[in-house]
Amino acid sequence: LSEPAGKALGTASFSSPSPIQEAAITTLAGGESAILHAETGSGKTLAYLLPITEALWREQGDDEPNGFAVILTPTRELAAQVAGIAQVLAPPGTVRLMYRASNMLGDPLREHGESEHGGLAERDGVGRNTPRLYVGSAKAIMTSLYGDANMPASPTSKPEAAYFLRNIRWLVLDEVDRLLHVKKSRGDTRFKQHERPAAIIAAATARMTLGRSQIIAVSATVGRPLRRELSRVIGLTTDECPRTIRGSSDSDNDEEQTKGRAVTIPGLVKNYVTPIEGNSNGKLLTAAFQVINKLNKKKRKMLLVLTRGCGISTKNTIGALEHFRCKPQPISLLDALEADGSDRMIEIHRQVSGATGVGETGYFQAKKDEAEESEEEYLLVTGEDTVRGLHLDGLDVVLIVGRPHGPDEYTHIAGRTGRAGKNGKVISIVSQDSAGHIKSWERMLDVEFDIISLEEIDSI
C-alpha cells in the first residue's frame, strides 16, 4: 500500500481486510469488472476505492493522466461520504466532489489551501494535481455532461464531454440497485419511458470506451433482475455480466450468487415496533417527540428517518420538533451537507461521520478507549431515500417514522446502527395496522421485532 493508505488503515487499527475486501481487492486491482455483493457495514467502499487510489499513487507524476475514475451514487449525501474517504486515500488534489452540475474538466469553483486531509492548493512548490477521481450523484454528473432542459448549454462542452467519456477507466455504481431500474421480471414494462441518469452514463461509457472501462457495481442487494438490467445497460448478454463477488461465500457459482439475501441487519441491533392509535402526521410526530425525549435522558446519538409512505417532509418534522422544544436540536442531514464548496461539504461530513484524515483517526473512526469516547449527542433528520449507504459515527438509535417501503429498505435503514461491533436500536413508530405488517417480516429478515409501547421506551 501507499504510505497514506497504510497510515490511514493503521491509525484506524485495520490490520486485516474484511471478507469482501479480501475477496475483491486483488480482482479489482487486476482490472476485472465485478459486482460486489455484501451486507451493510462490510467495507465495500474501501474494497473498490483502494485499487483505484493505489493506481493513482503509482501513476502520480505521469505527463498525461491515464484515464479517469467516476463514482456514481444515488444521493448527494453518500457522494460526500465517499469523497471524504477517497481524499484520505488518494493523492492530494486528485479527488473532486461533483455536488452540482459544473464543467467536468474545468477548475473547481472553489479552491482551499491544502490540509492534512488533502486539498487543491499547491504543495511544496509543485502545482496542484489534476482531478482524476470524480464522485457525485448520478444526476449531478449526467447534468454536468449533458445539461438539462433548464440550461442554455451543458456545463461541459460536447468535445470535452466526449473526451471525458472516452477516457473513463473506472466506473463505479455504488448502491447500484438504487441507480438502475431493476425489473421484477422480463415482462415488466413499467420502466420503458425513460432511462435513469446512471444508466445513461454507464451506456455511454461502455460505448465510448469500446468496453475497455472497468465496471464496478456495488450493493447489498443483488439478484438476477439486477444482473439482467446491468448487462442490458452496458451492452452485454446476461451470461457476459461481470461476475458477482461475495465476501461471505467462497463460491463463484452464479446460482449460488443470486439466490438468498446477502444483506442482513447487524446481529447487535435490537428491533422494536411502537404502534400508535391512528396514522395522522400530528400523531406520528408527537409520538416521535415522546420517544426522543425519553431516549435522550442517556444522551444518545439518533437518526430520525421519514419513510416515503408517511408523507411528512424533513422541514415540517424539524419545525414540529422545534415547536416541542426537542433536545438535542434536530438537524436536517441534507442541510448539514448544503454548502457552496465541495471541500466544505466533505469537512462537514467528517464532523458527523468521524471520517477524518491521515494522522488523526483515518478511515471511519479511531479506536478510542471507552473513557475517551465523546458523549456529545445529536439528532439528524432525513428521508428514506437518502439514508442508504451512509456511515454515522457511533449512532445509537435509528427512529423510523412510518412503515418502510419494503423489507429491503428496512434492512438498509437499520444497517446505519450496530456497526463496528457496537450495539444499536431501531424503533419503528407506526400505526396499529403497519405494526402487524412489519412484524410479518420477521422470518424474511431473520430478526425478531419486539412490540413496545410509548410508556415502555424508558426500559430500553
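Residues numbered from 1 in each chain as written. Predicted model: local features only at pLDDT ≥ 70, side-chain atom pairs only at ≥ 80, totals over all residues. Heavy atoms only, no water.

Here seven strands make up an open sheet; going across it, the order is β3-β4-β2-β5-β6-β1-β7 and the pairing parallel. Strand pairing shows two members of the sheet lacking a second neighbour, β3 (95-98) and β7 (243-246), which therefore form its edges. Averaged over all pairs of adjacent strands, the angle between their axes in this sheet comes to 20°, without regard to strand direction. As judged from the four bridges shared by β3 and strand β4 (residues 133-137), these two strands associate in the parallel manner. Considered in β4, the bridge of Val95 is made with Leu133. (Pairing = 2+ DSSP bridges. Helix = DSSP H or I, 4+ residues; strand = E, 2+ residues; numbered from the N terminus. Axes fitted to C-alpha atoms, helices over the stretch in contact; angles between N-to-C directions.)

Structurally, the position occupied by Ile452 is in the segment after β14 (449-451). Each C-alpha atom, one on Ile452 and one on Ile427, is 9.0 Å from the other, the two residues being 25 residues apart in sequence.

Burial runs high along β4: five of the five residues are buried. Bridge analysis of strand β2 (residues 68-73) against β4 gives five bridges, and the strand direction is parallel. Along β4, the bridge assignment pairs Val70 with Tyr134. (Buried < 20%, exposed > 50% of the residue type's maximum accessible area, 1.4 Å probe, protein only.)

Below, the discussion takes up the confidence of the model for the chain. Averaged over all residues, the pLDDT of the chain is 80; the fraction at 70 or higher stands at 79%. When mean pLDDT is compared element by element in the chain, strand β5 (residues 168-174) scores highest at 97, while helix α10 (residues 254-258) scores lowest at 42. Note that pLDDT drops below 50 for residues 109-127; the model gives that stretch 36 contacts with residues more than four away or on any other chain. In this model, residues 249-261 is a region of pLDDT below 50 whose contacts with residues beyond four sequence positions or in other chains number 22 contacts. (pLDDT = per-residue confidence, 0-100. Contact = heavy atoms within 4.5 Å.)

Note the cis peptide between Lys327 and Pro328, where omega equals 0°. Along the chain, the position of Pro328 falls in the loop between α12 (314-323) and β10 (330-332). The phi torsion at Leu210 lies on the positive side, around 55°, for a residue other than glycine. Secondary-structure assignment places Leu210 in the loop between α8 (197-208) and β6 (214-219). We classify Leu210 as exposed; its relative accessible area is 65%. Here Asp446, not a glycine, exhibits a phi torsion of approximately 60°, which is positive.

Let us now look at the packing of helix α2 (residues 19-29) against helix α3 (residues 44-58). When two helices pack together, their arrangement is given by the angle between the helix axes and by the axis-to-axis distance. Following both chains from N to C, one finds α2 and α3 inclined at 25°, their axes separated by 9 Å at the closest point. Judged on the interaxial angle alone, α3 and α2 are roughly parallel. Here α2 and α3 pass one another in a crossing that is right-handed. Of the residues in α3, those in contact with Ile20, Gln21, Ala24, Ile25, Leu28 and Ala29 of α2 are Lys44, Leu46, Ala47, Tyr48, Leu50 and Pro51. Here the residues of the contact of α2 with α3 are counted per class, giving 10 nonpolar, one polar and one charged. (Parallel < 35°, antiparallel > 145°, perpendicular 65-115°, else oblique. Left-handed = near helix turned anticlockwise from the far one by under 90°. Nonpolar A, V, L, I, M, F, W, Y, C, P; charged D, E, K, R; others polar.)

Let's shift gears to the sheet that holds β14. If you walk across this open sheet you meet the seven strands as β10-β11-β9-β12-β13-β8-β14, and the pairing is parallel. Where the open sheet ends on each side, the last strands, each with one partner, are β10 and β14. Strand-to-strand twist across the sheet, computed as the mean angle between neighbouring axes with direction ignored, equals 25°. For strand β8 (residues 269-276) and strand β13 (residues 424-431), the ladder comprises eight bridges, and the chain directions are parallel. Bridge pairing in β13 places Val269 opposite Gly424. Sheet strands touched by helix α16 (residues 432-439): β8, β13 and β14. Its angle to β13, the strand with the most contacts, is close to 135°.

In this structure the tally under the stated criterion is seven aromatic pairs. Here Phe68 and Tyr163 contribute two aromatic rings whose centre-to-centre distance is 6.3 Å and whose plane-to-plane angle is 75°, an arrangement assigned as edge-to-face. Taken together, the residues span a long stretch of sequence, with Phe68 in strand β2 and Tyr163 in helix α6 (residues 158-166) at a distance of 95 residues. With relative accessibility at 4%, the residue Phe68 sits in the buried group. According to the relative accessible area criterion, Tyr163 is partly exposed, its value standing at 32%. One aromatic cluster is present, built from ring pairs that chain together Phe68, Tyr134, Tyr163 and Phe164. (Phe/Tyr/Trp six-rings, centres within 6.5 Å; stacked < 30°, edge-to-face > 60°.)

Further remarks concern α8. Helix length check: α8 (12 residues) gives 16 Å between terminal C-alpha atoms against 16 Å at 1.5 Å per residue, within 8%. For α8, the complete set of buried residues consists of Ala198, Ala199, Ile201, Ala202, Ala204, Thr205 and Ala206. In this structure, the buried side of α8 is in contact with β2, α5 (138-146), α6, β5, α7 (176-179) and α9 (224-233). Leu210 lies just past α8 and shows a positive phi near 55°. (Expected span 1.5 Å × (residues − 1).)

Looking now at the environment of Met208. Within the fold, Met208 resides in helix α8. Here Met208 falls in the partly exposed class, since its relative accessible area comes to 26%. Spatially, the C-alpha atoms of Met208 and Tyr163 are 9.1 Å apart, while their sequence positions differ by 45 residues. Once residues lying within four places of it in the same chain are set aside, the contact partners of Met208 are Ala162, Leu165 and Arg166.

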